[in-house]
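Spelled out, the chains give:
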Amino acid sequence: MTTDTQGPRARAAIAGTNATEGRRIGPDGAGLDGAELDRAELDRADVTGTDATADAAAPERGLRAVWELAPDRLRRAAAAVEELRERGVHLAPVRHHSPACAVAVRRAIEELRPATVLIEGPEEYTRLLPELLHEDTRPPVALLSLPEGHGSPGGASFYPLASFSPEWVALRTASETGAVIRFCDRPSAERDRPTTAPATAVAPGDGGIPAPTAERHDAPDPAPAVGPDGGPAIGPETPAEHDPFARTLMSERYLAHSRSVAALARRLGCRDHDELWDHLFETRSPAGLADWRTTFDDVFAWAALSRLDYEDEVLAADGSLDREARMSARAAEAAGPVLVVTGAFHTLAIAEALAGLPEGEPVRGRWPEGGYGPQATGDAWLIRYDHERLDGLRGYGAGMPSPGFYERLHAAGGPGIATQVLVDVARAAGERGHQVSTPQVAAAAVAASRLADLRMRPHPGRTDVLDAITSCFVTDDGGIGPERPLGLAIAEVFGGREVGRVPSGAAVPPLVRDARERVRAVGLDIDATVPRTARLDARRTPAHRARRQVLALLDLLDCGFGRQVTGPDHVAGRGLGLIGEEWEYCWTPVVEARLVELSHLGATVEAAAVTVLRQAEEGLREAGAQAAADGAATLVARAAVVGLTAHLPRLVDLLARTLDTDRDLGSVVAGARRLLGLWRSRVELGLVAAPDGPDDTTWDERPASALPGGTTRPDEPGGRSPADELLALVAQALATAAYLVADVGRVGPDDEEAAVASVLELRALARDANRAWGGDDAARPPTGHGPGVRNVAAGQEPASAVARELARLRDDEGAAPAVRGALLAVGAVDGDVPDDVLVARVRGALRPGADPALAVRFLGGVLRAAPDLLLHTPELFDAVDGAIRDLTPDAFLAVLPDLRRGFTWLRPTETHRLAERVAERTGSRAADVDVRVRIDENDLAAGLAVERELAAVLARDGLAHWSGGHS
């Protein structure tokens, strides 16, 4: 039976919602008329016009019967919509990315053949019509706007379009019929201007979309970990304030949190507004959708009651009234007949303003006396988009969820896609190790159909299919969590993997064009829709070196194109002994949008990177922080890694001046460690090779004109390569560190752990620096006078001052106990402290009568620096064992936490050996002292799998916060 009962039922249910859920507050604060209705009247209205195909007048009779029960304001608005149609102004209320609305829009344009089609969207988008209508443009695409000035806070605004978006269909169909097409919404630059309305009226991070009412500002909860359909929220949660794509011009915050829509969903047994929409509209038959007047009337009724949940003060605060004023004014100016395609939430206000109703005064009163004049212009671009950013279940506010499902529905032109969707989910799950049998697929198809019958739907909708999958495909307690094979399969099929295409000649900012060219030039794939992995050997392969440099440049811009997964990290100074490295990269719409946002920094990637470095430099100067050496060293490292060697002299000078003023030993040591790591990788990073010469050409072999500005050849008087400059800075850092060593001994108990870490890092740095200066590849310490570089006497080891100061601190009885203990231990390891001296000092620190807390802190320093000494020095073991035995029970309990922390520096095998020795001393068994848990790789993998399953179950039940996630 294909009889379309959805339209009249929708209008009846919608009209009855306001009647039974209590009194609503209108825009003027007064109660709405007709708030109390008899349930029998509602039931009679539901029957009127039930069979929409009985005769042509049935839908109109049903509509009139419903509006007779509606509040007076909505009845007047419905009459205004009919009157406007007679005047040649046709309002097309839509839900963004709704296939049902797309069908109705196409049929309306084909039948009306309007002279003008106006579409909700910033007016500056009109100039992009040639690109939008170009034969090479393939959705999903998005129109992108930036805040005024491009560098302003607030981020980009996106206007996404899918193949099933009503706005996209309106553009294409209007072009086919020869209509004039215009975007008619408020320009983006005006939306980004600060409002004088109270901040509490607007929810942050939603692109100006307010909370339902001022008093309910915090009411909406974050997106649940489970999807609206009861299944999982496919993909990670993305809070709006952290996600650039959350600022979409098609946000549905109002409709999603409308009390009337929620009440209607409860009345019809739907779980949320998405399922409600499917129930009322997307499951209609093709014939029902082709009746565009009925469809638009029903959409108008659905959204109009939502509109009444919000007061004018809230709508004015976020700019909605200003937007509706412009859209309605443009409709009044347009040559008719005109079709106005807007989000359904705005249709009530536009209709009231155009019809001159009293309720339209808040909008109509904002019309400028002389009109809005010519269409606004401004910067905007057409960019590629993808299904992931369209998917409401993945945290984005761009309209309908599951774009992959709705694209199939739209392409099919009607019902009948459920079986194919189930087959594709089963296939995708099987590819990931979750096998779904043919009988299971058949059972799911039957279940989806019967669920649709039970829910009075002509054919299975999205939630029916998802419920059938949950019922028939899930075979364990893990459900369909986002990390499980079945959840990933659903994400692929329902979410979609489509990436749009824009014409090759489409206007893009120079920075975007340069980034594309650079990425392509080094052989990276920017057409992939999923992340790719680049495995590089930058140390030995010039092509890989160039590829790594491009990846690092874009990483410096923080555009999201790639991230390093493994391998040497020259900025952080980690893994420098590794040869290979891996980067994960993907050219997504967010990358392109971020580059557009950064266009004010420069026309090329290199120019933008230089600007970023200069801004960071200025930030360091303005901060004037004492602990700034590591920050300046990080800038030097970034410039070296991305190949901006021409800027190293300036950054070297900044770091040299910073080292003279930094009073934080940890910062100085960390900065010097970075520099030494860069020096070790000098050939790989091109710090001794000519910038434009062959890879085996050193700085010494290049003419001075080829070297970066301010840098001379080593054979010239006072000349040094960048690598030599780095080594000179290490010498300066060591001299500064030696000066700061004494301060470390004066720290309090709370800072001792950090102080111990600093002196141990300093000792390691001094040892490595000595190797650098004493090795075959760099046999001399720097002796010249570079910019801001201290003198280092020829032949003198720059680390000698550090060793001298550390030894002085080690012998200082007034120094922090943990620091003295650590320095004593490393002195013993290095051979500077004989074993008998070590034991004597430990006995002295742990002697009877000593403060137990000070003694344990001293012992903790020893164990932190060289825990194996306790095993290899019997006298030391005896001293520690005796001191612990001599503690009173109360003193032992008081220092037990610190003792436990001290012994954690032992490796598991060392802990076992220590337990054996303790057991031998006490006459017990080692098994009683040391309980070892033996696990292998398989045990660890199984444990991780169980943990993931548990997290998925918690997320499914809305308890993700129990595992540290978001609920």
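Quick caveat: nothing in here was measured; it's all calculated off a predicted structure.

Student: Just checking my understanding: could you explain the overall build of the chain for this structure?
Tutor: Secondary structure assignment for the chain yields 42 helices and 10 strands. Within the chain, the proportion of its 967 residues that are buried is 53%. Taking as baseline every contact in the chain between residues at least 6 positions apart, the subset at least 24 positions apart corresponds to 74%. Split by element, the accessible area of the chain, about 40700 Å² in all, is 51% carbon and sulfur.

Student: How should I be thinking about unusual backbone geometry in this particular structure?
Tutor: Leaving glycine aside, a negative phi is the common case for residues, and trans is the common case for peptide bonds. Geometrically, the link from P139 to P140 is a cis peptide bond, its omega value of 5° lying close to zero. Here P140 lies in the loop between α6 (129–132) and β3 (141–145). Residue M456 is not a glycine yet carries a positive backbone phi of 60°. Relative to the helices and strands, M456 is located in the loop between α21 (438–454) and α22 (462–473).

Student: What exactly am I supposed to notice about the side chain of S188 here?
Tutor: Examined against the element boundaries, S188 turns out to sit in helix α8 (residues 188–191). A polar contact of 3.0 Å, which involves the side chain of S188, links it to the side chain of E124. When sequence neighbours within four positions are dropped, the list of residues in contact with S188 reads P122, E124, Y125 and S145.

Student: Just checking my understanding: could you explain the sheet that holds strand β6 (residues 338–343) for this structure?
Tutor: Think of a sheet as strands paired side by side through backbone hydrogen bonds, with each pair either parallel or antiparallel. Spatial ordering of the open sheet is given by β1-β6-β2-β5, a layout of four strands whose pairing is parallel. This sheet does not close on itself; its edge strands, each paired only once, are β1 (89–94) and β5 (180–185). Strand after strand, the sheet turns through a mean of 25° between neighbouring axes, direction not considered. Here five bridges tie strand β2 (residues 116–122) to β5, and the two strands are oriented parallel to one another. Pairing of P122 across the sheet is with D185, part of β5. Here helix α5 (residues 99–112) sits on the sheet and contacts β1, β2 and β6; the angle it forms with β1, its principal contact strand, is near 165°. The strands touched by helix α15 (residues 320–333) are β2, β5 and β6; relative to β5, the strand with the most contacts, the crossing angle is about 155°.

Student: Help me understand the environment of H273 in this model?
Tutor: Within the secondary structure, H273 sits in helix α11 (residues 273–282). A sequence separation of 12 residues divides H273 from V261, and the C-alpha atoms of the two residues are 6.5 Å apart.

Student: Before we go on, may I ask you to explain the pattern of salt bridges in this structure?
Tutor: Proximity of charged atoms lets side chains of opposite charge pair with each other. Per the counting criterion, the structure on display carries 58 salt bridges. The salt bridge partner of D274 is R95, with a shortest N-O separation of 2.5 Å. Taken together, the residues D274 in helix α11 and R95 in the loop between β1 and α5 connect sequence positions 179 residues apart. By relative accessible area, R95 is classed as buried at 2%. Where D464 meets R455, a salt bridge forms, and the shortest distance between an N and an O atom there is 2.6 Å.

Student: Whenever I open this one, the environment of P485 confuses me. Can you help?
Tutor: Note on placement: P485 falls in helix α23 (residues 485–495). In sequence terms P485 and G433 are 52 residues apart; their C-alpha atoms lie 6.6 Å from each other. Excluding residues within four positions of it along the chain, P485 makes contact with A429, R432 and H434.

Student: Even after reading the chapter, I still don't get α23, so can you show me in this structure?
Tutor: In an α-helix, one full turn covers 3.6 residues, which means residues spaced three or four apart are oriented alike. Buried residues dominate α23, accounting for eight of its 11 residues. Looking at the buried positions of α23, the neighbouring elements they touch are α18 (387–390), α19 (403–412), α20 (418–431) and α22. Two residues or fewer past α23, G496 is found with a positive phi of approximately 90°.

Student: What am I meant to see in the packing of α5 against helix α7 (residues 166–177) here?
Tutor: Each packed pair of helices is defined by two parameters, the angle between the axes and the distance between the axes. Where α5 meets α7, the axes come as close as 8 Å, and the angle between the chain directions of the two elements is 20°. With respect to each other, α5 and α7 are oriented roughly parallel. Crossing angle aside, the handedness with which α5 passes α7 is right-handed. Seen from α5, the contacting residues are C101, A102, V105, R106, I109 and E110; seen from α7, they are P166, V169, A170, T173, A174, E176 and T177. For the contact of α5 with α7, the residue count by class is eight nonpolar, two polar and three charged.

Student: I keep staring at the environment of L598 and nothing clicks. Help me out?
Tutor: Looking at the secondary structure, you find L598 in the loop between α26 (589–597) and α27 (605–623). For L598, a relative accessible area of 6% corresponds to the buried category. Sequence separation of L598 and P509 is 89 residues, and the distance between their C-alpha atoms is 9.6 Å. Not counting residues up to four positions away in its chain, the partners in contact with L598 are L511 and L557.

Student: Just to check I follow, could you spell out a nonpolar patch on the surface for this structure?
Tutor: Together, I935, L940 and L944 make up an exposed nonpolar region whose accessible area comes to about 290 Å². The partly exposed category is assigned to L944, whose relative accessible area is 41%.

Student: Help me out: how do you make sense of α21 in this one?
Tutor: Between its first and last C-alpha, α21 extends 24 Å over 17 residues, near the 24 Å set by a 1.5 Å rise per residue. All buried positions along α21 are accounted for by Q440, V441, A444, A448 and A452. End-on view of α21: buried residues confined to an arc of 110°, all on one side of the axis. In this structure, α21 carries T438, P439, R450, D453 and L454 as exposed residues pointing more than 90 degrees from its buried face. Residues of α21 that are buried sit in contact with α20 and α22.

Student: Help me out: how do you make sense of the sheet that holds strand β7 (residues 380–384) in this one?
Tutor: With antiparallel pairing, three strands are arranged side by side in an open sheet as β4-β3-β7. With one partner strand each, in any of the chains shown, β4 (157–161) and β7 form the two edges of the open sheet. Averaged over all pairs of adjacent strands, the angle between their axes in this sheet comes to 25°, without regard to strand direction. Running at roughly 155° to β7, α26 makes contact with β3, β4 and β7 of the sheet.

Student: Can you help me understand the pairing of β4 in this one?
Tutor: For a regular strand, side-chain orientation follows a simple rule: the groups alternate between the two sheet faces. Counting buried positions over the five residues of β4 gives five, a clear majority of the element. Covered by surrounding structure in β4 are S157, Y159 and L161 together with F158 and P160, the residues of both alternating faces. As defined by bridge partners, β3 adjoins β4 across five bridges and the pair is classed as antiparallel. By the bridge assignment, L143 is partnered in β4 with Y159.

Student: Explain the packing of aromatic side chains here, please?
Tutor: What characterises a pair of aromatic rings is the spacing of the ring centres plus the angle enclosed by the ring planes. Counted by the stated rule, this structure contains 12 aromatic pairs. Judged by centre distance (5.4 Å) and plane angle (5°), the ring pair of F405 and F494 falls under stacked. Here F405 is found in helix α19, whereas its partner F494 is found in helix α23, with 89 residues between them in sequence. We note that F405, like F494, is buried. Joined through ring pairs, the aromatic side chains of Y125, Y159 and F183 make up one cluster. A cation sits over an aromatic face here: R682 above W679, 3.9 Å from the ring centre.

Student: Please clarify how the packing of helix α24 (residues 510–521) against helix α25 (residues 542–556) should be interpreted in this entry.
Tutor: Between α24 and α25, the shortest axis-to-axis distance is 9 Å and the interhelical angle comes to 150°. It follows from the interaxial angle that α24 and α25 lie roughly antiparallel. As for how α24 packs across α25, the hand of that crossing is left-handed. Here α24 contributes A515, R518 and V519 to the contact with α25, which in turn contributes V550, L553 and L554. Residue classes in the contact of α24 with α25 are distributed as five nonpolar, no polar and one charged.

Student: Could you clarify how one ought to interpret the confidence of the model for the chain in this entry?
Tutor: Overall, the prediction assigns the chain a mean pLDDT of 76, with 76% of residues at 70 or greater. Low pLDDT, under 50, characterises residues 149–154; the predicted model gives this stretch eight contacts beyond four residues in sequence or across chains. Long-range and interchain partners of residues 194–247, a stretch whose pLDDT sits below 50, account for 121 contacts in this model, where long-range means more than four residues apart.

Quick notes on the rules
Residues numbered from 1 in each chain as written. Predicted model: local features only at pLDDT ≥ 70, side-chain atom pairs only at ≥ 80, totals over all residues. Heavy atoms only, no water. Helix = DSSP H or I, 4+ residues; strand = E, 2+ residues; numbered from the N terminus. Buried < 20%, exposed > 50% of the residue type's maximum accessible area, 1.4 Å probe, protein only. Contact = heavy atoms within 4.5 Å. Areas by Shrake-Rupley, 256 points an atom, 1.4 Å probe, with all protein chains shown as cover. Polar contact = N/O pair within 3.5 Å; in protein donor to acceptor, adjacent residues only side chain to side chain. Pairing = 2+ DSSP bridges. Axes fitted to C-alpha atoms, helices over the stretch in contact; angles between N-to-C directions. Salt bridge = Lys/Arg side-chain N within 4 Å of Asp/Glu carboxyl O. Parallel < 35°, antiparallel > 145°, perpendicular 65-115°, else oblique. Left-handed = near helix turned anticlockwise from the far one by under 90°. Nonpolar A, V, L, I, M, F, W, Y, C, P; charged D, E, K, R; others polar. Patch = residues over 30% accessible without salt bridge, like charges linked within 9 Å, V, L, I, M, F, W, Y side chains within 5 Å. Expected span 1.5 Å × (residues − 1). Arc of directions from axis to C-beta. Phe/Tyr/Trp six-rings, centres within 6.5 Å; stacked < 30°, edge-to-face > 60°. Lys NZ or Arg CZ within 6 Å of the ring centre and 35° of its normal. pLDDT = per-residue confidence, 0-100.

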